[in-house]
Amino acid sequence: MTNAKLFEKLRSLIENADDSDKKRIKKIRKVVHKLRDRQRKLENDLEDIKSEHERQKTEQDIRVIQLQREKGIKVYRQLKRDLDNRKKNKKH
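Treat the numbers as computed from the prediction; the structure is a model and nothing was measured.

Just to check I follow, could you spell out the nonpolar core for this structure?
Among soluble globular proteins, nonpolar side chains are generally buried collectively. With 18 residues, the main nonpolar core has Leu 10, Ile 28, Val 31 and Leu 35 as its most contacted residues. Mapped by element, the contributors of at least two residues to this core are helix H1 (3–14), helix H2 (22–46) and helix H3 (52–91). No other element matches H2, which puts 7 residues into this core. Not counting residues within four places of it along the chain, the set of residues in contact with Leu 35 comprises Leu 6, Phe 7, Leu 10, Ile 65, Gln 68 and Arg 69.

Written as structure tokens, this is what we have:
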């Protein structure tokens, strides 16, 4: 899956994420993990890139992935917290 497709999938999962279920939260986590793996691969590839133009492009890709991951992690944690709170409230 390309970066753009991963970003689009993350965006669609995050949109209207209020009152999300466990399945949706799991999907967000999975996409964030794929982005992390992609970021690590690019960081490793960066060492072998000689062309300055290609190096800048790869560094920019890494920054974009990092920002998207941060956004996804923030939403994931909030949704997880909300889900846990709903479960606690149901028990009482």
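Right, picking up where we left off after that structure.
Help me understand the pattern of salt bridges in this model?
When the charged atoms of two side chains with opposite charge come close together, those side chains can pair. According to the stated counting rule, one finds 5 salt bridges in the structure shown. The salt bridge involving Lys 41 is made with Asp 45; its shortest N-O contact spans 2.8 Å. Taken as a pair, Lys 41 and Asp 45 lie in helix H2 at a separation of 4 residues, close to a single helical turn.

The rules we used
Residues numbered from 1 in each chain as written. Predicted model: local features only at pLDDT ≥ 70, side-chain atom pairs only at ≥ 80, totals over all residues. Heavy atoms only, no water. Core = buried A, V, L, I, M, F, W, Y, C linked by side-chain atoms within 4.5 Å. Buried < 20%, exposed > 50% of the residue type's maximum accessible area, 1.4 Å probe, protein only. Helix = DSSP H or I, 4+ residues; strand = E, 2+ residues; numbered from the N terminus. Contact = heavy atoms within 4.5 Å. Salt bridge = Lys/Arg side-chain N within 4 Å of Asp/Glu carboxyl O.

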